[in-house]
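# Results of the structural survey
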Amino acid sequence: MKLPIYASTGQKVWYYSFRVICGLIFFFLIAPILIIIPLSFNATDFFTFTPEMLRLQPEGYSLKHYQDFFTNSDWQNAMRNSLKIAPVATLIAVVLGTIAAIGLSQSHVPFRRAIMATLISPMIVPLIISATGMYFFYARLGNYMVGTIGMNADVVEYIKIVLAHAALGIPFVIITVTATLVGFDRSLTRAAASMGAGPVRTFFKVQMPLIIPGVISGGLFAFITSFDEVVVVMFVGSAKNKTLPWQMFTGLREQISPTILAVATILVVLSVILLVTLELLRRRSERLRGLSPG
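Remember, predicted model here, so these are calculated numbers, not experimental data. (Residues numbered from 1 in each chain as written. Predicted model: local features only at pLDDT ≥ 70, side-chain atom pairs only at ≥ 80, totals over all residues. Heavy atoms only, no water.)

This next bit is on the pattern of salt bridges. The tally for this structure, following the rule as stated, stands at one salt bridge. Here Asp-154 makes a salt bridge to Lys-240, at a shortest N to O gap of 3.5 Å. Taken together, the positions of Asp-154 in helix H8 (residues 153-181) and Lys-240 in the loop between helix H11 (231-236) and helix H12 (244-254) put the pair 86 residues apart, joining distant regions of the chain. The class for Asp-154 is partly exposed, based on a relative accessible area of 41%. (Salt bridge = Lys/Arg side-chain N within 4 Å of Asp/Glu carboxyl O. Helix = DSSP H or I, 4+ residues; strand = E, 2+ residues; numbered from the N terminus. Buried < 20%, exposed > 50% of the residue type's maximum accessible area, 1.4 Å probe, protein only.)

Here is the structure:
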């Protein structure tokens, strides 16, 4: 909104001060990212801006750190592990979170608020506490699956990590789907039922198309949570299932390599793409629910 011509001096001061404050906050949040991105193209093996980089000379920049990421076996194994874990954990989180959100949206469900608080507790409880609890729980579960059932130890470890990451992603799905269901017209499902459609057909033909933006948004949040998570996987997994964030943490602790900056830049680009997708889905959801003009 533009500042009206009849605005008082105080309103004008607040108008411009508010924008300056927002600009400073934005700079405070974005400055670390703006530093990481150019550093990832550093031609040297140090976390510093060289004189050649500051003078914008071509010899000061290089893609060798990105090349190291795509050719180094340790980085590629970590990338493959992340890509094997995150999609499956996301799928489980989306299915269970959507079912839970639909169930909790029903007014006749007793103790809805208590159940909701319990389901979203992984978002509230400090991650180190959740990781410790998951360690003891999945340690016993893993011993039972390997010792009693006779399952392969590597498969069991993969299952433990996937289930742990799914537990972290479910709260995001519940929140986004619940927010979508707030504007859902219940008369649509009653109309479908009155015409002979069963609950399953009604869900997939009537309810699901309207809440799909919330489901996809929750799934993207769950994917980002699983792909970027490092604490839980260090408690539940082992070096065989080292994920990309774990490899980055190891690189910072054991060997300072600018390849970490290249990986961080790739993750930033991926996050920006997902956030743009989330914003487009949010606008589509508002249009479908009649909250914004088409």
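And the narrative resumes.
Once that is clear, we can look at the packing of aromatic side chains. This structure, assessed with the given rule, holds nine aromatic pairs. Relative to Phe-221, the ring of Phe-172 has its centre 6.0 Å away and its plane inclined at 15°; by these criteria the two rings are stacked. A residue pair is termed long-range when its members are at least 10 positions apart, and Phe-172 in helix H8 and Phe-221 in helix H10 (residues 199-228) qualify at 49 residues. The partly exposed category is assigned to Phe-172, whose relative accessible area is 23%. Summarising the aromatic geometry, the rings of Phe-223 and Phe-227 are spaced 5.6 Å apart at their centres and angled 20° between planes, so their arrangement reads as stacked. With a gap of four residues between them, Phe-223 and Phe-227 both fall in helix H10, about one helical turn apart. Joined through ring pairs, the aromatic side chains of Phe-69, Phe-70 and Trp-75 make up one cluster. Arg-19 extends its terminal NZ or CZ atom over the ring of Tyr-15, reaching a point 3.7 Å from the ring centre. (Phe/Tyr/Trp six-rings, centres within 6.5 Å; stacked < 30°, edge-to-face > 60°. Lys NZ or Arg CZ within 6 Å of the ring centre and 35° of its normal.)

The interhelical angle for the contact between helix H4 (residues 73-104) and H10, taken along N-to-C directions, is 140°, at an axis separation of 8 Å. The angle between the axes of H4 and H10 places the two elements in the oblique class. Considering the relative orientation of H4 and H10, their crossing is right-handed. Between H4 and H10, the contacting residues are Met-79, Ser-82, Leu-83, Ile-85, Ala-86, Pro-87, Ala-89, Thr-90, Ala-93, Val-94, Thr-98 and Ile-102 on the first element and Phe-203, Gln-207, Ile-211, Val-215, Gly-219, Ala-222, Phe-223, Ser-226 and Phe-227 on the second. (Axes fitted to C-alpha atoms, helices over the stretch in contact; angles between N-to-C directions. Parallel < 35°, antiparallel > 145°, perpendicular 65-115°, else oblique. Left-handed = near helix turned anticlockwise from the far one by under 90°. Contact = heavy atoms within 4.5 Å.)

Okay, the environment of Ile-33 next. Assignment of secondary structure puts Ile-33 in helix H1 (residues 9-39). Exposure remark for Ile-33: the relative accessible area of 29% places this residue in the partly exposed category. Taking C-alpha positions, Ile-33 is 20 Å from Glu-279, a pair spaced 246 residues apart along the chain.

A rise of 1.5 Å per residue sets the reference length of helix H7 (residues 127-147), with its 21 residues, at 30 Å; its end C-alpha atoms lie 29 Å apart and thus fit the reference within 8%. Those residues of H7 hidden inside the fold are in contact with H8 and H11. (Expected span 1.5 Å × (residues − 1).)

A word on a nonpolar patch on the surface. Together, Met-123, Ile-124, Val-125, Ile-128, Ile-129, Tyr-135, Phe-136, Ile-175, Met-234, Phe-235 and Phe-249 make up a nonpolar patch on the protein surface, roughly 990 Å² of accessible area in all. Listed by contribution, the elements that provide at least two residues to the nonpolar patch are helix H6 (121-124), H7 and H11. In terms of residue count, H7 provides more of the nonpolar patch than any other element does, four residues in total. Following the sequence through the fold, Phe-249 ends up in helix H12. (Patch = residues over 30% accessible without salt bridge, like charges linked within 9 Å, V, L, I, M, F, W, Y side chains within 5 Å. Areas by Shrake-Rupley, 256 points an atom, 1.4 Å probe, with all protein chains shown as cover.)

Our next topic: unusual backbone geometry. Of note in this structure, Leu-56 is not a glycine but carries a positive phi near 60°. Residue placement: Leu-56 occurs in the loop between helix H2 (51-54) and helix H3 (64-71). Taking relative accessible area as the criterion, Leu-56 reaches 66% and is therefore assigned exposed. Non-glycine residue Phe-111 carries a positive phi angle of around 55°. Mapped onto the elements of the fold, Phe-111 is located in the loop between H4 and helix H5 (112-119).

With that settled, consider the packing of helix H9 (residues 186-194) against H10. The interhelical angle for the contact between H9 and H10, taken along N-to-C directions, is 165°, at an axis separation of 10 Å. With respect to H10, the axis of H9 lies roughly antiparallel. As for how H9 packs across H10, the hand of that crossing is right-handed. Judged by residue contacts, Arg-186, Leu-188, Thr-189, Ala-192 and Ala-193 of H9 engage Thr-202, Val-206, Gln-207 and Leu-210 from H10. When grouped by side-chain class, the residues that make up the contact of H9 with H10 number five nonpolar, three polar and one charged. (Nonpolar A, V, L, I, M, F, W, Y, C, P; charged D, E, K, R; others polar.)

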